[in-house]
Amino acid sequence: MSKIGLSIQMNHFAKALIILVMVSSVGSIAQAPNAQFLPLQPHKVQWANAVIKNALKTKDTLQLAEGWYLYGKIYEASGDWLTAKRYFLKSLRIQEKQGDSFELARLYIRLYSLEWQLFHYAETYQYAHLAQQVAERIKSEKALSLVYGAMQALHDTDWSEGGAKPYPAPNSDSSFYYLKKREKLALKTGNQMDLLAVMMSLSHRASVENDVKSIGYAQKVVSIYQIQKDTTGEIKARIGLANAYIAFNYLKEAGQEISKINQLQNASSIKTNDNEHYNRSFAWSKSKYYEQIGNYKKALENEREYTALERQIIHADREGVVSRLSIEYETEKKEVELKAKQRELQLSQQSQQNQQRFVGILAILLVGALTASIAFYRISVKNQRLSESNALLVHEQNHRVKNNLQLVSSLLNLQLNRLNDDATKNVLEETQLRIEVMSTLQRTLYSGQTLGEVNLHDFLNEIIKIGLQTFGYEHLQTQTHIDSSLHLPIDHAMRIGLIVNELLTNACKYAFPDHPNPQWTLSCHQANRLWTLQVADNGPGFIPPQPITRKSSFGMRLIQLQAEQLYANFGFEIKKGSLFQMKFKI
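Residues numbered from 1 in each chain as written. Predicted model: local features only at pLDDT ≥ 70, side-chain atom pairs only at ≥ 80, totals over all residues. Heavy atoms only, no water.

### Observations regarding the nonpolar core
Ranked by internal contacts, the top residues of the largest apolar core, which has 48 residues, are Trp68, Tyr71, Phe88, Tyr108, Tyr112, Val147 and Leu154. Contributing elements (two or more residues each) for this core: α2 (42-58), α3 (61-77), α4 (81-98), α5 (102-117), α6 (121-138), α7 (141-156) and α8 (172-189). Ranked by residue count, the leading element in this core is α5, at ten residues. Ignoring sequence-local partners within four residues, the contact set of Val147 consists of Ile109, Ala131, Gln132 and Ala135. Among the nonpolar cores identified, the runner-up in size contains 37 residues, and Ala493, Leu503, Ala507 and Phe572 belong to it. (Core = buried A, V, L, I, M, F, W, Y, C linked by side-chain atoms within 4.5 Å. Buried < 20%, exposed > 50% of the residue type's maximum accessible area, 1.4 Å probe, protein only. Helix = DSSP H or I, 4+ residues; strand = E, 2+ residues; numbered from the N terminus. Contact = heavy atoms within 4.5 Å.)

As structure tokens, this is what we get:
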């Protein structure tokens, strides 16, 4: 056989093994590129919920970390990698405080797997080496096996994409180094699944290098599946072995393997029809075998079968892209359905009526607190100019307003802990944020040196800080461009603060959650009497319907109302995210 023919056959043999190698390369944690995602499974979600509830009840932090880890696995299996990462990071924050353990190494490997699938080299490298350090310190053979598989896959991957990016190309020597360490460990522990993954990797490596040793490794793969009594695995492994025999012109042995595969398929109820890749490989094997022994009729039949399967796989891959895009939508849809069922079990008609009455009372308190705040402040400004005795009255009034706002916020917080309805909770949380804007304004006035005016820089930065803490984004680095010398009257500052709060709330709810690198910027400057306020984020972009009506969201109506009170022109644009711009005169 010519070298060209041998090389072509070896390439087909390599394709027959590459899928198994990718699946097993990191100890069954990293998924293959063509892996089928599972739908979100309610029974697993319920189990994870039960673990978390019990952990909170018993105050068991390790069990709580395990609950977040289970959530991460569920969402990773469904293909929602960003949500899975958030849960893994929650578990990681607890596990890292507990020190080195197998669970910590396992978490690093999970995060490595997610970043590897997202093709993030720096993060993949970081988590792989963190896992290696932990595994070596605790001397866990199980953890080391996962680490060696991860490091092998790390060095097998072409991060440079053929030289298009400044990242490492595949490093064959490093990959082989970790593969041999994994083989040594598998032989020591006797773990057949680890040994199986090693043999498949060695067989694939030898086939790519046109090394006849690939036959021996493929034979070991077959023998391991036989020991495991895994008929499906044995059939697939024998297909790979048959391809290896054909590649090196061992036609007698190839024919025996093809016969054995047919016998196993006919004698067993287990079929390989669920995997077109292996059926295609088997059709190619038979086509080349019959061609080399001179049976051209059967060779043509199998060549046609191979071509048909090739077309099916191309069609399936194309459909897989569309399917992947709908995974997040389907996941969110199932989550909404699950939450609706939980609400039906937990809420009764009477409790809903009570919650509505309470929301109405809180709204009245909010309006009263706002009215009282403005009234007390105006009175305090007039009285402060009369005498020192009136200054004491101002002090008392400010103190009362502060207490009123704190009381309203405390009432909201108390009710939030008793609510089960997520929609009502969201309304109260947003109301609480608006109260915080008023409270921040009150504190600024109380401690400020300028009578009747607010330092815009300090006021808005405090609002941003509170909003990010409320939604759990305190680590987010925002950019603000506000001259520290800018001051606004109280009425104007209040309206600007409410607008900024609403825009930040919208960004935290809709722009940040699914974004790998969320950004938020605010700028405010003055030119003569004209003021310009700009707020931007790098989310998916949103422009509210025009005009804003009573059916619009409360937040949009509040922004419109405050802008009208300022006699301002405002609008939304999409520029690599959402951009809000407002101009007004004082």
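### Focus: α8
In this model, α8 (18 residues) spans 26 Å end to end at C-alpha, consistent with the 26 Å of a helix rising 1.5 Å per residue. Once α8 finishes, Gly190 follows within two positions and takes phi at roughly 75°, a positive value. (Expected span 1.5 Å × (residues − 1).)

### Some points on the pattern of salt bridges
Evaluated as defined, the whole model comprises twelve salt bridges. Between Arg238 and Glu257 there is a salt bridge whose closest N-O contact spans 3.0 Å. Taken together, the residues span a long stretch of sequence, with Arg238 in helix α11 (residues 231-247) and Glu257 in helix α12 (residues 251-267) at a distance of 19 residues. A single burial state applies to Arg238 and to Glu257, both of which are buried. (Salt bridge = Lys/Arg side-chain N within 4 Å of Asp/Glu carboxyl O.)

### Concerning the pairing of strand β6 (residues 569-574)
Note: β6 against strand β7 (residues 578-585), six bridges, orientation antiparallel. Looking at the pairing, Asn569 lines up with Lys583 of β7. In sequence, β6 turns back onto β7 through a hairpin of three residues, with Lys576 there showing a positive phi of about 55°. (Pairing = 2+ DSSP bridges.)

### A closer look at the environment of Pro489
Tracing the backbone shows Pro489 in strand β3 (residues 487-489). Through-space distance from the C-alpha of Pro489 to that of Glu453 is 4.4 Å; in sequence the pair is 36 residues apart.

### What to know about the packing of α4 against α5
Viewed as axis vectors pointing N to C, α4 and α5 meet at an angle of 155°, and their least axial separation amounts to 10 Å. Classified by the angle their axes make, α4 and α5 are roughly antiparallel. The handedness of the crossing between α4 and α5 comes out as left-handed. Contacts from Trp81, Ala84, Lys85, Phe88, Leu89, Ser91, Leu92, Gln95 and Glu96 of α4 reach α5 at Glu103, Leu104, Leu107, Tyr108, Arg110, Leu111, Leu114, Glu115 and Gln117. Grouping the constituent residues of the contact of α4 with α5 by class yields ten nonpolar, three polar and five charged. (Axes fitted to C-alpha atoms, helices over the stretch in contact; angles between N-to-C directions. Parallel < 35°, antiparallel > 145°, perpendicular 65-115°, else oblique. Left-handed = near helix turned anticlockwise from the far one by under 90°. Nonpolar A, V, L, I, M, F, W, Y, C, P; charged D, E, K, R; others polar.)

### Considerations on the environment of Val454
Relative to the helices and strands, Val454 is located in strand β1 (residues 453-455). Here Val454 falls in the buried class, since its relative accessible area comes to 0%. The spatial distance from the C-alpha of Val454 to the C-alpha of Asp491 is 9.7 Å, given a sequence separation of 37 residues.

### Remarks on the side chain of Ser523
Looking at the element boundaries, Ser523 is found in strand β4 (residues 520-527). Excluding anything up to four places from it in sequence, Ser523 contacts His481, Thr532, Leu533 and Gln534.

### Thoughts on the packing of aromatic side chains
Summed over the entire model, instances satisfying the criterion amount to 18 aromatic pairs. Ring geometry for Tyr148 versus Tyr178: centroids 6.3 Å apart, planes at 40°, classification tilted. Of the two residues, Tyr148 is situated in helix α7 and Tyr178 in helix α8; the sequence distance between them amounts to 30 residues. Summarising the burial analysis for this pair, Tyr148 and Tyr178 share the class buried. Three or more aromatic residues link up through ring pairs in this structure, and these residues are Phe119, Tyr121, Tyr125, Trp159 and Tyr167. Over the face of the ring belonging to Trp68 we find Lys90, whose NZ or CZ atom lies 4.4 Å from the ring centre. The ring of Tyr69 is capped by Arg106, whose NZ or CZ atom sits 3.8 Å from the centre of that ring. (Phe/Tyr/Trp six-rings, centres within 6.5 Å; stacked < 30°, edge-to-face > 60°. Lys NZ or Arg CZ within 6 Å of the ring centre and 35° of its normal.)

Structural measurements only, silent on function.
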